[in-house]
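# Observations on chain architecture
What follows is the residue order along each chain.
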Amino acid sequence: MGDQGFGIDPTVVKRICSEIAEVVREGVEVGLVIGGGNIFRGVSLSAGGMERAKADQIGMLATVINALSVQDALEHEGVDVRVMSALSMQSVCEDFVRRRAIRHLEKGRAVIFAAGTGNPFFTTDSAATLRGIEINADLVIKATKVDGVYSADPVKDPTAVRYERLTFDETLDRRLGVMDQTAIVLCRDHDMPLRVFNMNKPGALLRVLRGEDEGTLVERGE
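Overview of the structure. (Residues numbered from 1 in each chain as written. Predicted model: local features only at pLDDT ≥ 70, side-chain atom pairs only at ≥ 80, totals over all residues. Heavy atoms only, no water.)

## Side note on the packing of helix H1 (residues 10-25) against helix H3 (residues 52-76)
Describing two packed helices takes the angle between their axes plus the distance from one axis to the other. In contact at an axis separation of 9 Å, H1 and H3 are set at 60° when each is read in the N-to-C sense. With respect to each other, H1 and H3 are oriented oblique. Viewed along their axes, H1 and H3 form a crossing whose handedness is right-handed. When H1 is examined against H3, the residues Val-13, Cys-17, Ile-20 and Ala-21 are found in contact with a partner set consisting of Ser-69, Val-70, Ala-73 and Leu-74. Its residues assigned to classes, the contact of H1 with H3 shows seven nonpolar, one polar and no charged. (Axes fitted to C-alpha atoms, helices over the stretch in contact; angles between N-to-C directions. Helix = DSSP H or I, 4+ residues; strand = E, 2+ residues; numbered from the N terminus. Parallel < 35°, antiparallel > 145°, perpendicular 65-115°, else oblique. Left-handed = near helix turned anticlockwise from the far one by under 90°. Contact = heavy atoms within 4.5 Å. Nonpolar A, V, L, I, M, F, W, Y, C, P; charged D, E, K, R; others polar.)

## Regarding the nonpolar core
Formed by 30 residues in total, the largest nonpolar core has its most connected members in Ile-20, Leu-32, Val-70, Leu-74, Val-79 and Ile-112. When residues of this core are traced back to their parent elements, those giving at least two are H1, H3, strand E2 (81-85), strand E4 (110-114) and helix H8 (204-209). Setting aside anything within four residues of it in sequence, one finds Leu-74 in contact with Cys-17, Ile-20, Ala-21, Leu-32, Val-79, Val-81 and Ile-112. Ranked by size, the runner-up nonpolar core spans 16 residues in total, among them Ile-133, Leu-176, Met-179 and Leu-194. (Core = buried A, V, L, I, M, F, W, Y, C linked by side-chain atoms within 4.5 Å. Buried < 20%, exposed > 50% of the residue type's maximum accessible area, 1.4 Å probe, protein only.)

## Structural notes on helix H7 (residues 181-189)
Think of an α-helix as turning once every 3.6 residues; residues three or four places apart then point the same way. The complete set of buried residues in H7 reads Ala-183, Ile-184 and Cys-187. Mapping the buried residues of H7 onto a view down its axis gives an arc of 100°, with all of them on the same face. Contact partners of the buried residues in H7: helix H5 (124-134), helix H6 (168-173) and strand E9 (194-198). Where H7 begins, one side-chain oxygen reaches toward the backbone nitrogen of Thr-182, 3.0 Å away; that side chain belongs to Asp-180. Two residues or fewer after H7 comes Asp-191, characterised by a positive phi angle close to 50°. (Arc of directions from axis to C-beta. Polar contact = N/O pair within 3.5 Å; in protein donor to acceptor, adjacent residues only side chain to side chain.)

## What to know about the packing of aromatic side chains
All chains considered together, the criterion is met by one aromatic pair. The interplanar angle of 80° and the centroid separation of 5.7 Å between the aromatic rings of Phe-96 and Phe-113 together place this pair among those described as edge-to-face. Pair noted here: Phe-96 is in the loop between strand E3 (94-95) and helix H4 (98-106) and Phe-113 is in strand E4, with a separation of 17 residues, a long-range link. Judged on exposure class, the residue Phe-96 and its partner Phe-113 are both buried. Over the ring of Phe-96 we find Arg-131, and its NZ or CZ is 3.8 Å from the ring centre. (Phe/Tyr/Trp six-rings, centres within 6.5 Å; stacked < 30°, edge-to-face > 60°. Lys NZ or Arg CZ within 6 Å of the ring centre and 35° of its normal.)

## Details of the pattern of salt bridges
Tallying each qualifying case throughout the model produces 15 salt bridges. Put simply, Arg-103 and Glu-106 hold a salt bridge, and the shortest N to O gap is 3.4 Å. Taken together, the residues Arg-103 and Glu-106, both in helix H4 and three residues apart, mark about one turn of the helix. By relative accessible area, which is 52% here, Glu-106 ends up exposed. Salt-bridge contacts for Arg-174 lead to Glu-170; the nearest nitrogen and oxygen are separated by 3.7 Å. Through salt bridges that share partners, Asp-80, Arg-82, Glu-94 and Arg-109 make up one connected network. (Salt bridge = Lys/Arg side-chain N within 4 Å of Asp/Glu carboxyl O.)

Written out as structure tokens, the structure reads:
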């Protein structure tokens, strides 16, 4: 949503998609999971009295809106893209089918996974981890507004220190808030490394995928 209070900022979408397109052109198979908080936050409305399951379903639909917006921007960058939704809406996008998603990736298409897991009570973080495991990804990447995981909120605490590497257990024990705990446990149990980085930093995504020191790597301990 950029500097707006809500909605989609075309300038931000174009900038992000230009970096994703560069990665695809490098030959990397890319799957994207996009949240919907710029449009609707199910947790917030649930706190206001709406039934949580219903609020989460509305939030899932918001992720589809974002997914279609990113699909359009990536296509303008010359990338072949498929949107696959955990909620069936075949007139808008494909249903998520694991084997079909893998085939799209093998053919060089970017795949956007929309509607979270398709179930209420699960976050987009959990959806990202789940899809990463399902498609046999090498790495799950968490794009944020900060350049990694810190010992405290760097905005509020000037003494906060950025970690270069963490184990999943350290992340859980210290409650560092990298992702929700369900997502972290999924990564740990399936030995799926996780890299947290700042998407607003030009070129950071490409540096991550080239194996350069960018953000924070969370992985299984020795």
